[in-house]
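# Descriptive structure summary
One-letter residues, chain by chain:
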Amino acid sequence: MQQYNLDALDRKILGMILADARVPFLEVARAAGVSGAAIHQRVQRLTSLGILQGSEYIVNPEKLGLSTCAYIGLNLQDPSSFDKVVEALYNMPEVVECHYTTGGFDLFIKIYAQNNHHLLNIIHDKLQPLGLSRSETIISFNEAIRRSISIDSLSHGREQKKEG
């Protein structure tokens, strides 16, 4: 995977739009001391390079009656069924993330349920029929941190690598 070096303008743009995805490009341009067209071109470039991937609104699941958030590690009976299982997980609206992992699980998913009873039904009625050898569920009480990757931490990490 190709890595891209960001210049000061890229970092300024990313810092501002990560803080507020709806910030007007003209406001970013003023803060960066360049034209609005320059900001638009840079954002397009960052998007075409795959550094920026869309923009989104974040839905609060609790406001929609989904008060239980759980992370579930899945082990498959048949490892050759990965694609079939991932497709089935994709078609479950409760599943919002799915990761291939190392360590103790084949897959690790994040789901939202109405309550613990609903969570039990999802595990029993939707997940177990996928051919699991075992699963382990962790219920989240509260999300303590949610953020995008920090642009500042990337530059700090590179500076440390160069010194050492």
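Keep in mind the model is a prediction, meaning the values are calculated, not measured. (Residues numbered from 1 in each chain as written. Predicted model: local features only at pLDDT ≥ 70, side-chain atom pairs only at ≥ 80, totals over all residues. Heavy atoms only, no water.)

## A few points about the nonpolar core
Nonpolar side chains in soluble globular proteins generally cluster together in the buried interior. By size, the foremost hydrophobic cluster in this structure holds 18 residues, and its most contacted members are I72, L74, L89, I109, I111, L119 and L127. Among the elements of the structure, β1 (68-76), α4 (82-90), β3 (107-113) and α5 (116-127) are those that each provide at least two residues to this core. In this view, I72 contacts L107, F108, I109, I111, L119, I123, L127, S135, E136 and T137; residues no more than four positions away in its chain are not counted. In this structure, L9, V23, A29 and I39 belong to the second largest nonpolar core, which totals 14 residues. (Core = buried A, V, L, I, M, F, W, Y, C linked by side-chain atoms within 4.5 Å. Buried < 20%, exposed > 50% of the residue type's maximum accessible area, 1.4 Å probe, protein only. Helix = DSSP H or I, 4+ residues; strand = E, 2+ residues; numbered from the N terminus. Contact = heavy atoms within 4.5 Å.)

## Side note on the packing of helix α1 (residues 8-19) against helix α3 (residues 36-48)
Direction vectors running N to C along α1 and α3 enclose 85 degrees, while the axes themselves pass 11 Å from each other. Here α1 lies roughly perpendicular to α3, going by the angle between them. Here L9, D10, I13 and L14 of α1 lie close against α3, whose contacting residues are I39, R42, V43, R45 and L46. Across the contact of α1 with α3, the residue classes tally to six nonpolar, no polar and three charged. (Axes fitted to C-alpha atoms, helices over the stretch in contact; angles between N-to-C directions. Parallel < 35°, antiparallel > 145°, perpendicular 65-115°, else oblique. Nonpolar A, V, L, I, M, F, W, Y, C, P; charged D, E, K, R; others polar.)

## Brief notes about the pattern of salt bridges
Scanning the entire structure with this criterion turns up seven salt bridges. The shortest N-O distance in the salt bridge between R134 and E136 comes to 3.8 Å. Accessibility expressed as a relative area gives 40% for R134, which makes it partly exposed. Using a relative accessible area of 38% as the deciding quantity, one classes E136 as partly exposed. A network of salt bridges, in which partner residues are shared, links D7, D10, R42 and R45. (Salt bridge = Lys/Arg side-chain N within 4 Å of Asp/Glu carboxyl O.)

## Side note on the pairing of strand β2 (residues 95-100)
Of the strand pairs in this sheet, β2 and β3 are connected by five bridges, and their pairing is antiparallel. Note on β3: the bridge partner recorded for C98 is I109. Connecting β2 to the next strand, β3, in antiparallel fashion are six residues, including G103 with a positive phi near 90 degrees. (Pairing = 2+ DSSP bridges.)

## A word on the environment of S55
Tracing the backbone through its elements, the reader meets S55 in the loop between α3 and β1. For S55 and K84, which are 29 residues apart along the polypeptide, the C-alpha to C-alpha distance reads 29 Å.

## Things to note about the sheet that holds β3
One open sheet holds the four strands; their spatial order is β2-β3-β1-β4, and the pairing between them is antiparallel. A strand with exactly one partner marks an edge of an open sheet, and here the two such strands are β2 and β4 (132-140). Each strand of the sheet is rotated relative to its neighbour by a mean of 20 degrees, with strand direction disregarded. As paired elements, β1 and β4 share eight bridges and run antiparallel to each other. For L74, the partnering residue across the bridge sits in β4 and is S135.

## Some words on the layout of surface pockets
Estimated volume of the largest pocket: approximately 1400 Å³. L18, L52, Q53, G54 and S148 are, among the 33 residues lining the largest pocket, the residues nearest its centre. Those elements that place two or more of their residues in the lining of the largest pocket are α1, α3 and α6 (151-163). Per-element tally for the lining of the largest pocket: the top contributor is α1, with four residues. Its boundaries defined by the atoms lining it, the second largest pocket holds a volume of some 300 Å³. Lining the second largest pocket we find 17 residues, and of these E62, C69, Y112, N142 and E143 sit closest to its centre. (1 Å grid on protein atoms, 1.4 Å probe; cavity = no way out; pocket = protein on both sides within 12 Å on 5 of 7 lines; lining within 4 Å. Points joined across faces, edges and corners; volume = space filled by probe spheres on them.)

## Observations regarding the side chain of K110
Looking at where K110 falls in the secondary structure, it is placed in strand β3. A relative accessible area of 6% places K110 in the buried class. Of the polar contacts made by the side chain of K110, one reaches the side chain of Y112; its length is 3.5 Å. (Polar contact = N/O pair within 3.5 Å; in protein donor to acceptor, adjacent residues only side chain to side chain.)

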